[in-house]
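Breakdown of the fold
Residue strings, one per chain:
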Amino acid sequence: MIVEIVVFAILAVMAVGGGFGIIVTKNPFRAAMWMVLSFIGSAGIFVMLDAVFIAMLQLIVYAGAITVMIVIAMYTMDKLTIASLKRFNNQAYFGALFGLGILLDFIVIASKLRINTTLAGKNLSIAGNNIKAISDVLFKSYLLPFEITAIVLLIALFGAVALTKKDI
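These lines cover the structure that appears in this document, whether it is placed above or below. (Residues numbered from 1 in each chain as written. Predicted model: local features only at pLDDT ≥ 70, side-chain atom pairs only at ≥ 80, totals over all residues. Heavy atoms only, no water.)

**Section: the overall build of the protein**
Regarding its fold elements, the protein presents seven helices and zero strands. Mapped from its N terminus to its C terminus, the protein presents α and β elements in the order α-α-α-α-α-α-α. Going through the 168 residues of the protein one by one, you find that 14% of them count as buried. Roughly 13300 Å² of accessible area belongs to the protein as shown, and the carbon and sulfur atoms make up 74% of that amount. (Helix = DSSP H or I, 4+ residues; strand = E, 2+ residues; numbered from the N terminus. Buried < 20%, exposed > 50% of the residue type's maximum accessible area, 1.4 Å probe, protein only. Areas by Shrake-Rupley, 256 points an atom, 1.4 Å probe, with all protein chains shown as cover.)

**Focus on the packing of aromatic side chains**
Each aromatic ring pair is specified by the distance between its two centres and by the angle formed by the two planes. Scanning all chains against the criterion turns up three aromatic pairs. Between Phe-94 and Phe-98 the ring centres are 6.4 Å apart and the planes differ by 25 degrees, which places this aromatic pair in the stacked class. One end of the pair, Phe-94, and the other, Phe-98, are both in helix 5 (residues 92-112), four residues apart, so they sit about a helical turn from each other. The burial state of Phe-94 is the same as that of Phe-98; both residues are exposed. (Phe/Tyr/Trp six-rings, centres within 6.5 Å; stacked < 30°, edge-to-face > 60°.)

**Quick notes on the packing of helix 2 (residues 28-48) against helix 3 (residues 52-76)**
Where helix 2 meets helix 3, the closest approach of the two axes is 8 Å, and the angle between their N-to-C directions is 175 degrees. With respect to each other, helix 2 and helix 3 are oriented roughly antiparallel. Together, Pro-28, Phe-29, Ala-32, Met-33, Met-35, Val-36, Phe-39, Ile-40, Ser-42, Ala-43, Phe-46 and Val-47 of helix 2 and Val-52, Ile-54, Ala-55, Gln-58, Leu-59, Tyr-62, Ala-63, Thr-67, Ile-70, Val-71, Met-74 and Tyr-75 of helix 3 make up the contact between the two elements. Here the contact of helix 2 with helix 3 is built from residues that sort into 21 nonpolar, three polar and no charged. (Axes fitted to C-alpha atoms, helices over the stretch in contact; angles between N-to-C directions. Parallel < 35°, antiparallel > 145°, perpendicular 65-115°, else oblique. Contact = heavy atoms within 4.5 Å. Nonpolar A, V, L, I, M, F, W, Y, C, P; charged D, E, K, R; others polar.)

**Topic: the side chain of Thr-67**
The topology assignment puts Thr-67 in helix 3. For Thr-67, a relative accessible area of 4% puts it in the buried group. A polar contact is formed between the side chain of Thr-67 and the backbone oxygen of Ala-63, at a distance of 3.4 Å. Contacts of Thr-67, omitting those with residues within four sequence positions, involve Ala-32, Met-33, Met-35, Val-36, Phe-39 and Tyr-62. (Polar contact = N/O pair within 3.5 Å; in protein donor to acceptor, adjacent residues only side chain to side chain.)

**What about the side chain of Ser-38?**
By the secondary structure assignment, Ser-38 is in helix 2. In this structure Ser-38 touches Met-14, Ala-15, Gly-18 and Gly-19, once residues within four positions along its chain are discounted.

**Observations concerning a nonpolar patch on the surface**
Together, Ile-40, Val-52, Met-56, Leu-57, Leu-59, Ile-60, Val-61 and Tyr-62 line one region of the surface with nonpolar side chains, adding up to about 650 Å² of accessible area. Tracing the sequence through the fold places Met-56 in helix 3. Relative accessible area serves as the criterion here: at 39%, Met-56 is assigned to the partly exposed category. (Patch = residues over 30% accessible without salt bridge, like charges linked within 9 Å, V, L, I, M, F, W, Y side chains within 5 Å. Salt bridge = Lys/Arg side-chain N within 4 Å of Asp/Glu carboxyl O.)

**Observations concerning unusual backbone geometry**
Keep in mind that most residues, glycine aside, have a negative phi and that most peptide bonds are trans. At Asp-50, a position not held by glycine, the phi torsion is positive, near 60 degrees. Checked against the element boundaries, Asp-50 lands in the loop between helix 2 and helix 3. Taking the relative accessible area as the measure of exposure, Asp-50 reaches 57% and is therefore exposed.

**As for the packing of helix 1 (residues 2-24) against helix 2**
When two helices pack together, their arrangement is given by the angle between their axes and by how far apart the axes lie. Look at helix 1 against helix 2: their axes get within 7 Å of each other, and the N-to-C directions meet at 155 degrees. Taken as axis vectors, helix 1 and helix 2 run roughly antiparallel relative to one another. Classified by chirality, the crossing of helix 2 by helix 1 is left-handed. Here Glu-4, Val-7, Phe-8, Leu-11, Ala-12, Met-14, Ala-15, Gly-17, Gly-18, Gly-19, Gly-21 and Ile-22 of helix 1 lie close against helix 2, whose contacting residues are Ala-31, Trp-34, Met-35, Leu-37, Ser-38, Ile-40, Gly-41, Ser-42, Gly-44, Ile-45 and Met-48. Looking at the contact of helix 1 with helix 2, its residues break down into 14 nonpolar, eight polar and one charged. (Left-handed = near helix turned anticlockwise from the far one by under 90°.)

Have a look at this one:
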């Protein structure tokens, strides 16, 4: 039990610290790396909940594909455009104050509620193998829409690169 608490604390610090790093860094490339750290922490929490399929999707889709897409978009932008982006505006203080109020509300609600966590993650798996059930539906019943979506996303990626690069 102690090991689970320590591992959860490490993963939670990774997830929340990565999110905080995204907010405070001024370099967009470093923000993308902080985002990867946050995604890895979230995937680790999913693994602790015995939701391995969701954890792998978290790593593949978010930490892999979305982060690569963001970095490629930043590489295709002009350096002057990236430098001219304002990181904070006058409304940032209002947003920070609002976020702090919501955090305090969560702390008050969590201290008032007594939630039984002994059964957390125990009911996530249905009878049989979840991954097999999902893959059967995805690759048998919905194979054509899955392939069409992949092709559309690939064409969109090529189009975005072609529109942003002037010397192709």
